[in-house]
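# Examination of the molecular architecture
Single-letter residue listing:
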Amino acid sequence: ALSVGYTMGKRILVQLIYPWLKLYWFLVRPKTFGVQCVVQHEDAILMVPNTYGRRQWTFPGGSIERGETTEEAIRREVHEEVGLRLASLHHLGAFDATINYKRDHVAVFAAVSVHRQVIIDPGEILEARWFPPQDLPALAPTARQILTMWQGRQL
């Protein structure tokens, strides 16, 4: 019961803070650095909607912490969000996007997972599902850009 309460508390906190973050981003227009990863297992790729924002399907990822390399950041983020350890990791490139008024530089990776069992962080991730690449749900605009990068260099 404690973990359910903690999880719901974290989700509510994230949802309460998000509008204030958007206001901050609008006023300050910060430059941020993030990572996202197309995680593949056999014939499927992993998609997640976040608990905040537009809740569109996208790829696991997040912010780079001070002192982290992009590779360290994506390995940490994927493990935190969906509980997977990545077997192989390939840098696909990067792009700049303006999302909610912040200028975000996103490093994109592709990776292979040795198994399909995910353990989501319900404070940040609504759900995680494996999809065949030819049968994906409606994607967030940045996820479509990432998918195009991945399709150009599949593992």
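Preceding block: the structure.
Attention in this report is confined to the structure presented alongside it. (Residues numbered from 1 in each chain as written. Predicted model: local features only at pLDDT ≥ 70, side-chain atom pairs only at ≥ 80, totals over all residues. Heavy atoms only, no water.)

Geometry of an aromatic ring pair is reported as the spacing of the ring centres plus the angle between the planes. A full pass over the atoms with the stated rule returns one aromatic pair. Residues W57 and F131 carry aromatic rings whose centres are separated by 5.3 Å and whose planes lie at 85° to one another, so their mutual orientation is edge-to-face. Remark: F131 occurs in strand β7 (residues 129-131) and W57 occurs in strand β3 (residues 57-58); sequence separation between them is 74 residues. For the pair shown, W57 and F131 are each scored as buried. (Phe/Tyr/Trp six-rings, centres within 6.5 Å; stacked < 30°, edge-to-face > 60°. Helix = DSSP H or I, 4+ residues; strand = E, 2+ residues; numbered from the N terminus. Buried < 20%, exposed > 50% of the residue type's maximum accessible area, 1.4 Å probe, protein only.)

Okay, the nonpolar core next. I45, M47 and F59 are the most contacted members of the largest nonpolar core, which totals 20 residues. Those residues within four positions of I45 in sequence are excluded, and the remaining contacts are V38, V39, Q40, F59, R129, W130, F131, L136, L147 and W150. If you look at the next biggest cluster of nonpolar residues, it comprises 19 residues, including C37, V78, A107 and F109. (Core = buried A, V, L, I, M, F, W, Y, C linked by side-chain atoms within 4.5 Å. Contact = heavy atoms within 4.5 Å.)

Glancing now at the pairing of strand β2 (residues 44-49). β2 sits mainly inside the fold: six of its six residues count as buried. Side chains of β2 alternate between two faces, with A44, L46 and V48 and I45, M47 and P49 buried alike. Where strand β1 (residues 31-41) and β2 come together, two bridges link them in antiparallel fashion. For Q40, the partnering residue across the bridge sits in β2 and is I45. From the end of β1 to the start of β2, which pair antiparallel, there are two residues, and E42 there has a positive phi angle of about 50°. (Pairing = 2+ DSSP bridges.)

Because the α-helix completes a turn every 3.6 residues, residues three or four places apart line up on one side. Along helix α3 (residues 141-151), the residues classified as buried are T142, A143, I146, L147, M149 and W150. Around the axis of α3, the buried residues are gathered within 160° of arc, so they sit on the same side. (Arc of directions from axis to C-beta.)

What follows is about the environment of G62. Mapped onto the fold, G62 is located in strand β4 (residues 61-63). Residue G62 is classed as partly exposed on the basis of its relative accessible area, which comes to 22%. Separated by twelve residues in sequence, G62 and I74 place their C-alpha atoms 7.5 Å apart. Apart from the residues within four sequence positions on either side, G62 is in contact with G34, V35 and E77.

Here we come to helix α2 (residues 70-82). Helix length check: α2, at 13 residues, gives a terminal C-alpha distance of 18 Å against a target of 18 Å (1.5 Å per residue), a fit within 8%. All buried positions along α2 are accounted for by A73, I74, R76, E77, V78, E81 and V82. Just downstream of α2, G83 is the residue with a positive phi angle, here 70°. (Expected span 1.5 Å × (residues − 1).)

The full count for this structure, using the stated rule, is seven salt bridges. Two residues, E77 and R76, come together in a salt bridge whose shortest N-O distance is 3.1 Å. For R76, a relative accessible area of 16% puts it in the buried group. R76 is the partner of E80 in a salt bridge, and the nearest nitrogen-oxygen pair spans 3.3 Å. Of this pair, E80 and R76 both sit in helix α2, separated by four residues, roughly a single helical turn. The class for E80 is partly exposed, based on a relative accessible area of 39%. Each of E65, E68, R76, E77 and E80 takes part in salt bridges that share partners, so that together they form one network. (Salt bridge = Lys/Arg side-chain N within 4 Å of Asp/Glu carboxyl O.)

What is shown is where atoms sit, not what they do.
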